[in-house]
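Read off the chains here:
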Amino acid sequence: MPHTEDILLNVSRIGKHFGGLSALNDVSLHIGRGEIYGLIGPNGAGKTTLFNIITGLYQPSAGEFHFNGAHYQAGKPHVLAQAGIARTFQNIRLFANLTALENVMIGRHVRTRAGVFGALFRNRSTRSEEHAITERARELLHYVGISKPAQTLAKHLSYGEQRRLEIARALATDPLLLALDEPAAGMNATETESLKMLLQTIRSSGITVLLIEHDVKLIMGLCDRVAVLDYGRKIAEGVPENVRKDPAVIAAYLGGGDE
Amino acid sequence: MKLNINTRTLVVVLAIALLLLPFLTDALLGRGWVRIVDFAMLYIMLALGLNIVVGYAGLLDLGYIAFFAVGAYCYALTGSPHLAQAFPMVFPDGVHLSFWIVLPLAALLAGGFGVLLGAPTLRLRGDYLAIVTLGFGEIIRIFLNNLNAPVNLTNGPQGISRIDPVSIANVSLNTTQNILGIAFPSVHLYFYLFLAFTALVVFVSQRLERSRIGRAWMAIREDEIAASAMGINTRNLKLLAFAMGAMFGGASGALFAGFQGFVSPESFSLMESIMVLCMVVLGGMGNIAGVILGGMLLALLPEVLRHSVVPLQQALFGKTLVDPESLRMLLFGTALIVMMLYRPAGMLPSRVRRRELGDGETASEASVYDATH
């Protein structure tokens, strides 16, 4: 166990059941600052459920988690975004009818302050804030590699670009932890490769990355540590090479045992 | 640059036309029509207020007229002898506050009611929200109708009459005023008052639309879960939208009470809420110019019919076959159907709506884009 200050997210004994269905059972893990942490597992293993708990969408049935040293009440996603967790969605949830630029500008909401009075009177501080928001949003579009005009509607971007736009929007919240739910789903090999490079750039800028992924190759080549979920339980954790050799993982995930 | 000059010319021409409007209407159509135009301005203000709730934040509100009622009764109670008659011990001379106090009071009170409506409905969306807001609108109306007993607060279905006219800087808008040798009749004075407030509402709407707050509202409209995951406090922003919309409704209600001199619960029926919503939807949800156009058309059309249908039928058939009221509903229904078929985003759709429904240039542009990339 590393030193407490080095832990960004500490999940302890989280459980979640939906009615009689137990989606997560006694899952504990911790993510260190600056890590790329992978979460893998077969379909229905509880990855997205865990994800939704730490981003505040679900209330855990048991257990708790600490982020950046503080305990958070679930059910308030905006509080966790404020605290520094930004996420993307498995099935892309952009503001489809707004422009790419507007999508990223909305990500800046949580780090800016102008209220109704600022909006009405457009005083100096509001104007400079608006200017900064636009500038930062443009930078981020460039950073994630969206080359189409900033005024293109989110829904008119290509699939890969929509995934990137979600990342840009999440980065706009200045996160400490960037949580990506299957970012490579549906991408071709080239797109996956450039996504990998983007994630490495993001990590090198000091942002911790949590990655749910199906693409084992991407996980293995990218993550510092990996946890494997199966039927709502953590069955393995460690550096990718060791996890890959773990018999339980091979049985559960890489197709052995009962298959 | 050329466009700039054209826009400026357009604005100047429009401003002059608006300033001359009551005199032109008076000269061409008669004094009664100036009054009708005044009412149309009130409706435009209401529609713009509702546009914040429905058009920006995407919260379908079917009880919006309740805020108009709250504002109107706030003005009516403070500006009429009713309180002095009903509670002579508490208000021996009534309240009779200055217009500049009552108006913000009415707006704030309505805003408070907006939050009151918003708070319990935060988790509701779409149809469900519409039904609850509809119920809220009816509750307010029924309260107004029945609060004449045990204490006579609202005077029940008889309504409140003898309301003070709006008076600004000791100039009563209820009498003809001579300014620079020109006689300004009362309806003209009210027109300018309403024009000023409409301009204010347009300004506020426009500023809000292009701000951090406006973007957050649009994000909530587009995808509430994604918005909250991006750190937008959806609860507060939805309440803010309800409150802002309600404040505009309350302010127009106060102006209405002062203008008409009489309020009663029947002015605030569900049909009125639906009319205001139709103004927003037919005109173009989320687009200020569209909403103004929608408000103008729907407020003026019934009057045009009322004044033209009967004489026309008399001239053609020698008797009245269809009364204007039923013809109005028939035309209104037809217009709604035709609009939904051919211009579902409204007459002047907003940027966002236009994209959403994918008609016109944006869509073809986009498909070309997709094809070439």
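Let me begin by describing the structure that accompanies this report. (Residues numbered from 1 in each chain as written. Chains lettered and ligands numbered in written order. Predicted model: local features only at pLDDT ≥ 70, side-chain atom pairs only at ≥ 80, totals over all residues.)

### A few points about the overall build of chain B
Here comes step 1: Per the secondary structure count, chain B includes 15 helices and four strands.
Here comes step 2: Considered along the principal axes of its C-alpha atoms, chain B spans approximately 75 × 55 × 50 Å.
Here comes step 3: By the burial criterion, 45% of the 373 residues in chain B qualify as buried. (Helix = DSSP H or I, 4+ residues; strand = E, 2+ residues; numbered from the N terminus. Buried ≥ 20, exposed ≤ 12 C-beta atoms within 10 Å, placed from the backbone.)

### A closer look at the sheet that holds strand β6 (residues 85–87) of chain A
Residues and elements named next belong to chain A.
Here comes step 1: Overall, mixed pairing links the six strands, which are arranged β6-β7-β8-β3-β9-β10 in an open sheet. Pairing within the sheet leaves two strands with one partner each, and these edge strands are β6 and β10 (233–238). Adjacent strand axes in the sheet meet at a mean angle of 20°, parallel and antiparallel pairs treated alike. (Pairing = 2+ DSSP bridges. Axes fitted to C-alpha atoms, helices over the stretch in contact; angles between N-to-C directions.)

### A short note on the packing of helix α2 (residues 31–56) of chain B against helix α11 (residues 270–283) of chain B
Residues and elements named next belong to chain B.
Here comes step 1: Packing of α2 against α11 leaves a shortest axis separation of 9 Å and a crossing angle of 70°. Considering their axes alone, α2 and α11 lie roughly perpendicular with respect to each other. Contacts between α2 and α11 involve Y43, L46, A47, L50, N51, V54 and G55 from the former and V276, L277, M279 and V280 from the latter.
Here comes step 2: In terms of residue class, the contact of α2 with α11 is built from nine nonpolar, two polar and no charged. (Parallel < 35°, antiparallel > 145°, perpendicular 65-115°, else oblique. Contact = placed C-beta atoms within 7 Å. Nonpolar A, V, L, I, M, F, W, Y, C, P; charged D, E, K, R; others polar.)

### Things to note about the pairing of strand β4 (residues 62–67) of chain A
Along any regular strand the residues' side chains alternate between the sheet's two faces.
All names here are of chain A.
Here comes step 1: Relative to β4, strand β1 (residues 7–18) runs antiparallel, the two sharing five bridges. For G15, the partnering residue across the bridge sits in β4 and is A62.
Here comes step 2: In terms of strand pairing, β4 meets strand β5 (residues 70–71) through two bridges, oriented antiparallel. Within β5, the residue paired with H66 across the bridge is H71.
Here comes step 3: Between the end of β4 and the start of β5, which pair antiparallel, lie two residues, with N68 showing a positive phi angle near 55°.

### Quick look at helix α5 (residues 99–118) of chain B
Given 3.6 residues per turn, any residue in an α-helix points the same way as the ones three and four places further on.
All names here are of chain B.
Here comes step 1: In this model, α5 (20 residues) spans 28 Å end to end at C-alpha, consistent with the 28 Å of a helix rising 1.5 Å per residue.
Here comes step 2: Buried within α5 we find F99, V102, L103, A106, A107, L109, A110, G111, F113, G114, L117 and G118.
Here comes step 3: Along its buried surface, α5 packs onto α3 (65–78), α6 (126–146), β1 (167–168) and α10 (234–260). (Expected span 1.5 Å × (residues − 1).)

### A look at the interface of chain A and chain B
Here comes step 1: Contact residues are listed per partner, giving 30 residues for chain A and 27 residues for chain B.
Here comes step 2: Elements with a contribution of two residues or more to the side of chain A that touches chain B: α2 (77–83), α3 (100–107) and α4 (116–121) of chain A.
Here comes step 3: Its residues assigned to classes, the side of chain A that touches chain B shows 14 nonpolar, 11 polar and five charged.

### Observations regarding the sheet that holds β1(A)
Residue and element names in this part refer to chain A.
Here comes step 1: Overall, antiparallel pairing links the four strands, which are arranged β2-β1-β4-β5 in an open sheet. The outermost strands of the open sheet, each flanked by one partner alone, are β2 (21–32) and β5.
Here comes step 2: Two strands pair when backbone bridges link them, and β1 and β2 are joined in this way by eight bridges, in the antiparallel orientation. Its bridge partner being in β2, I7 is matched across the sheet by G32.
Here comes step 3: Where helix α1 (residues 47–54) meets the sheet, its contacts fall on β1, β2 and β4, and the angle it forms with β1 comes to roughly 120°.

### What to know about the pairing of strand β3 (residues 36–40) of chain A
Residues and elements named next belong to chain A.
Here comes step 1: Counting buried residues along β3, five of its five residues qualify, which places the element largely inside the surrounding structure.
Here comes step 2: The alternating pattern of β3 places I36, G38 and I40 and Y37 and L39 on opposite faces, both of which are buried.
Here comes step 3: Alignment of β3 against strand β8 (residues 208–212), held across four bridges, turns out to be parallel. Bridging from a neighbouring strand, Y37 pairs with L210 of β8.
Here comes step 4: Pairing between β3 and strand β9 (residues 225–230): four bridges, direction parallel. Paired with Y37 across the bridge in β9 is R225.

### A look at the environment of A106(B)
All names here are of chain B.
Here comes step 1: With respect to the helices and strands, the residue A106 is situated in helix α5.
Here comes step 2: A sequence separation of 33 residues divides A106 from Y73, and the C-alpha atoms of the two residues are 8.4 Å apart.
Here comes step 3: Ignoring sequence-local partners within four residues, the contact set of A106 consists of G71, C74, Y75, G250, A251, G253 and A254.

### Digging into the environment of L193(B)
All names here are of chain B.
Here comes step 1: Tracing the chain through its elements places L193 in helix α7 (residues 186–209).
Here comes step 2: Sequence separation of L193 and M347 is 154 residues, and the distance between their C-alpha atoms is 27 Å.
Here comes step 3: If sequence neighbours within four positions are ignored, L193 has contacts with V166 and L173.

Honestly, it's all geometry; don't read function into it.
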